[in-house]
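Observations on chain architecture
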Amino acid sequence: MGKTITEKILGRASGRDVSPGDLIVSPIDACMAHDGTAPLAIRAFREMGAKKVWDPSRIALVIDHIAPSSSEGTSNLHVLMRQFATDHGIKLFDVGEGICHQIMPEKGYVLPGRVIVGADSHTCTYGAFGAFSTGIGSTELAAVMVSGKLWFRVPESIRCLVNGRMPVGVLPKDVILHILGLIGADGATYKTVEFSGDAVRGMSVSGRMTLCNMVVEMGAKNGIVEPDEKVREFLRGRTQAEGEYLKSDPDAEYSKVFEVSAEGLEPMVACPSSVDNVRPVREVEGIEVNQVFLGSCTNGRLEDLIEAAKILKGRKVKEGVRMLVIPASREVYLEAMKMGLLQILAEAGCSIYGPGCGPCPGGHLGVLGQGEVCVSTSNRNFVGRMGSKESQIYLVSPLTAAASAVTGELTDPRKFVEV
Amino acid sequence: MAIKGQVWKFGDSVSTDAIISGKYKFKTIDLDELAKHAMETLSPDFARLVKRGDIIVAGENFGCGSSREQAPLVLRQLGVGAIVAKSFARIFYRNSFNVGLPVVECRELPDRTNQGDILEVDLRKGSILNLTTGEAFRAKPVPEFLLQMLEDGGLVEQYKKYGEFRWSMSSR
Ligand code: SF4
């Protein structure tokens, strides 16, 4: 019987033929932890009595969640991370380098066919490169730093076929929000979500990252897209190593298949306070907005800033609304600067901050107060995620975020873009 | 490995943000400090009133959201004896075994158990008894190596005891 990409990767890694449900132990090609998870991993590593990491070149530490630090407590945890990195010869990406999930592919840690884990739930993002990647906890990350191995249960795969041309005003974020509404917040628990179809092939690597990023919002273990020339192009100059460009067999087995016609899609929004509370933006237009956040590992890339700038160019963020723009990495920041995007956004009245997670994890830089509404391009809208438990978060595409910033209320962006 | 305790009942999709908010976890890894805020948006008295051995009962997708291990850790710190839910989010499920907190999947029990009931959970046998109502339930089976990890007190303790991770032994 045929195999999916995920089954092929885990089979090669564990050195045997695998099927969904099998428990395997796999060598790990690269791993990552950030300032929200590394401190506990370091503590677990020390408690284990371990002296050396298995391979410092395969470990990345990133300070991105509260970067720069906003309190002494956080600063002390950052100090702990820097010290650990120095002691073990591990590369640490410090304040301002960017979000872990943007850095991992940019800096060459991610390759097609590889097995990658990170102490962060959105580690599933690298499926956009045809890698098996998934989130784990801090103690397991410590175990990986010690041994370079981890156990997995080989997941069943759900296939999401997206075919057809995407209408103007509809972005990959709208596609994944739509799918999230179909599958539900626990509809893919323990499983793989494999994206295919000509609309997915037509997306940039950045758009595919947006898709794979949000599979954990359906409970999935990993998301994956068949790697192609666009992946090869992205990786050029970032790493010497060659990945394995695998395809799912035509007779591979899927536990479910969802078919989405891109033509019928429209701008979508995940309403408070669950990620699968998804509706077309036009149905909830008019909700007053206090803060707009453009950024995060879901939508903080160059392409996302370009989309937002299409609407914000020559327009102004409505008075009384604050719009925060946070490029996902230094590379994105520099590109956006060279292209003049930062100028367009700043002229429109946006505040631009250094690369990192920004308000997404609710620790600093734009924490919401009681009764405030935030329209955000990030991936989670749980109660209290960005601050007060009486604040509300609406998850949208960069275009919808920009349109809403201009009008001061949740707005369907198709009013502003040429249809 | 039988655990007996009083039930704290929660609904579906209890996220890791609800278990321990991001605004606390970036500042300290002192678990006593963090534990004071456990579940505070859902049940403001939980951290103060929960007793050693008490059992959380919840619906679907318990522990969804971030990978933060602080979530099972604060519950363990407060003495929670076990969690029984219809389903768990994947990373939370793994994290719980790694930190030595017993978690059990059972689809039927949550709808048939009330706040304050007394449960007895036996992980090895896979049985859960509601001592208040007298009803018995079957738990979804757990792989042997995870049960062992719990009995060893979690992943760190296991490594200290054997000098290696038991999952790598099982694959030889
Ligand atoms: S941007 Fe948000 S979701 Fe992404 S890694 Fe940072 S905190 Fe997590």
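Not measured: the values here are computed from a predicted model.

**Remarks on the overall build of chain A**
Along the backbone of chain A there are 14 helices and 18 strands. For a compact globule of 419 residues, the expected C-alpha radius of gyration is about 22 Å, and chain A comes in at 20 Å, within 12% of that figure. Its C-alpha atoms give chain A principal-axis dimensions of about 55 × 55 × 40 Å. Out of the 419 residues belonging to chain A, those deemed buried represent 64%. Summarising the internal contacts of chain A: among those between residues at least 6 apart in sequence, 75% fall at separations of at least 24. Working note: accessible area of chain A is about 14,100 Å², and carbon and sulfur atoms make up 48% of it. Across chain A, the mean location of the 44 positive side-chain charges is 3 Å away from that of the 49 negative side-chain charges.

**Here's the deal with the interface of chain B and chain A**
Reports of interface size often rely on the accessible area that becomes lost once the parts have come together. Taken residue by residue, the interface counts 42 residues in chain B and 45 residues in chain A. Buried surface at the junction of chain B and chain A, both sides included, amounts to about 3,800 Å², of which 62% is carbon and sulfur. Three residues, B:Phe26, B:Arg90 and B:Arg94, lead the burial of chain B against chain A; their summed loss comes to 21% of the area buried on that side. For the pair chain B and chain A, the number of links is 2 salt bridges. Put simply, A:Glu140 and B:Arg94 hold a salt bridge, and the shortest N to O gap is 3.0 Å. Looking at the side of chain B that touches chain A, the elements with two or more residues in it are helix H2 (22–25), helix H5 (70–77), helix H6 (90–99), helix H7 (144–152), helix H8 (155–162) and helix H9 (166–170) of chain B.

**A look at the sheet that holds strand S5 (residues 115–119) of chain A**
All names here are of chain A. What the 5 strands build is an open sheet, ordered S4-S3-S2-S5-S6; its pairing is parallel. Edge positions in the sheet fall to strand S4 (91–93) and strand S6 (132–135), since each of these pairs with one other strand and no more. Geometrically, the sheet is characterised by an average inter-axis angle of 20° between neighbouring strands, direction not taken into account. The pairing of strand S2 (residues 30–34) with S5 spans 4 bridges and is classified as parallel. Across the sheet, Met-32 pairs through a bridge with Gly-118, a residue of S5. Relative to strand S3 (residues 59–62), helix H3 (residues 72–88) is tilted by about 155°, and along the sheet it contacts S2, S3 and S4.

**What about the nonpolar core?**
The biggest cluster of nonpolar side chains holds 105 residues, and the ones touching the most others in it are B:Phe62 and B:Leu75. If sequence neighbours within four positions are ignored, B:Phe62 has contacts with B:Val14, B:Ile19, B:Met39, B:Ile56, B:Leu75, B:Ile83, B:Ala85, B:Ser87, B:Phe88, B:Ala89 and B:Phe92. In terms of nonpolar packing, the next biggest core, distinct from the first, is built from 67 residues, A:Ala188, A:Val193, A:Ala270 and A:Val278 among them.

**Comments concerning the packing of aromatic side chains**
On inspection of all chains with the given rule, the structure shows 15 aromatic pairs over all chains. Between the aromatic rings of B:Phe165 and B:Trp167, the centroid separation amounts to 5.1 Å while the plane-to-plane angle is 10°, which identifies the pairing as stacked. Just as B:Phe165 is buried, B:Trp167 falls in that class too. What links up through ring pairs into an aromatic cluster is the set A:Tyr190, B:Phe62, B:Phe88, B:Phe92, B:Tyr93 and B:Phe97. The ring of A:Tyr245 has A:Arg232 sitting right over it, with the charged end atom 4.0 Å from the ring centre. Its end group placed over the ring of A:Trp151, B:Arg94 keeps NZ or CZ at 3.8 Å from the ring centre.

**Observations concerning the domain arrangement of chain A**
Residue and element names in this part refer to chain A. Here the domain parsing of chain A yields domain 1 (8–260) and domain 2 (268–415). Once you take the C-alpha centre of each, domain 1 and domain 2 turn out to be 24 Å apart. Buried surface at the junction of domain 1 and domain 2, both sides included, amounts to about 3,000 Å², of which 56% is carbon and sulfur. Three residues, Ile-99, Leu-171 and Lys-173, lead the burial of domain 1 against domain 2; their summed loss comes to 19% of the area buried on that side. Linking domain 1 with domain 2 are 3 salt bridges. In this structure, the salt-bridge partner of Glu-97 is Arg-330, at a minimum N-O distance of 4.0 Å. For the pair domain 1 and domain 2, the number of links is 22 residue pairs in polar contact (both at pLDDT 80 or more). Only helix H4 (100–106), helix H6 (172–183) and helix H8 (205–213) provide two or more residues apiece to the side of domain 1 that touches domain 2.

**A short note on the site of the ligand**
As a structural note, the neighbourhood of the ligand is formed by A:His65, A:Ile99, A:His101, A:His122, A:Ser296, A:Cys297, A:Cys357, A:Cys360, A:Pro361, A:Asn379 and A:Arg385. Each residue belonging to the shell around the ligand can be placed in one class, and the counts come to 5 nonpolar, 5 polar and 1 charged.

**A closer look at the domain arrangement of chain B**
All names here are of chain B. Entries for chain B in the domain assignment read domain 1 (2–141) and domain 2 (142–172). The straight-line distance from the C-alpha centre of domain 1 to that of domain 2 is 22 Å. Counting from both sides, the interface comprises 12 residues of domain 1 and, opposite them, 13 residues of domain 2. For the pair domain 1 and domain 2, the summed buried area comes to about 970 Å², and 62% of that belongs to carbon and sulfur atoms. Counting the surface domain 1 buries against domain 2, the share from its top three residues, Phe-97, Asn-98 and Arg-124, is 61%.

**Some thoughts on the pairing of strand S5 (residues 118–122) of chain B**
All names here are of chain B. Bridge analysis of strand S1 (residues 2–9) against S5 gives 5 bridges, and the strand direction is antiparallel. Bridged to Lys-4 within S5 is Glu-120. Sheet topology note: the S5/strand S6 (residues 127–130) ladder contains 4 bridges and is antiparallel. Counterpart to Val-121 in the pairing with S6 is Ile-128. Turn length for the S5-S6 hairpin, with the two strands adjacent in sequence and antiparallel, is 4 residues, and the turn residue Gly-126 shows positive phi of about 70°.

**Details of the sheet that holds strand S7 (residues 136–138) of chain B**
All names here are of chain B. Taking strand neighbours across the sheet as the criterion, the 7 strands line up as S4-S3-S2-S1-S5-S6-S7 in an open arrangement whose pairing is mixed. Strands at the two margins of the open sheet, each flanked by one partner only, are strand S4 (103–105) and S7. Across the sheet, the mean angle from the axis of one strand to that of its neighbour is 30°, orientation sign disregarded. With 3 bridges joining them, S6 and S7 adopt antiparallel strand pairing. Residue pairing in the sheet places Leu-129 in a bridge with Ala-136 of S7.

Scoring rules and cut-offs
Residues numbered from 1 in each chain as written. Chains lettered and ligands numbered in written order. Predicted model: local features only at pLDDT ≥ 70, side-chain atom pairs only at ≥ 80, totals over all residues. Heavy atoms only, no water. Helix = DSSP H or I, 4+ residues; strand = E, 2+ residues; numbered from the N terminus. Rg over C-alpha atoms; globule rule 2.2 N^0.38 Å. Buried < 20%, exposed > 50% of the residue type's maximum accessible area, 1.4 Å probe, protein only. Contact = heavy atoms within 4.5 Å. Areas by Shrake-Rupley, 256 points an atom, 1.4 Å probe, with all protein chains shown as cover. Lys, Arg positive; Asp, Glu negative; His and termini not counted. Charge placed at Lys NZ, Arg CZ, Asp CG, Glu CD. Buried area = accessible area lost by both parts, 1.4 Å probe. Salt bridge = Lys/Arg side-chain N within 4 Å of Asp/Glu carboxyl O. Pairing = 2+ DSSP bridges. Axes fitted to C-alpha atoms, helices over the stretch in contact; angles between N-to-C directions. Core = buried A, V, L, I, M, F, W, Y, C linked by side-chain atoms within 4.5 Å. Phe/Tyr/Trp six-rings, centres within 6.5 Å; stacked < 30°, edge-to-face > 60°. Lys NZ or Arg CZ within 6 Å of the ring centre and 35° of its normal. Domains from an automatic or database assignment. Polar contact = N/O pair within 3.5 Å; in protein donor to acceptor, adjacent residues only side chain to side chain. Near = heavy atom within 4 Å. Nonpolar A, V, L, I, M, F, W, Y, C, P; charged D, E, K, R; others polar.

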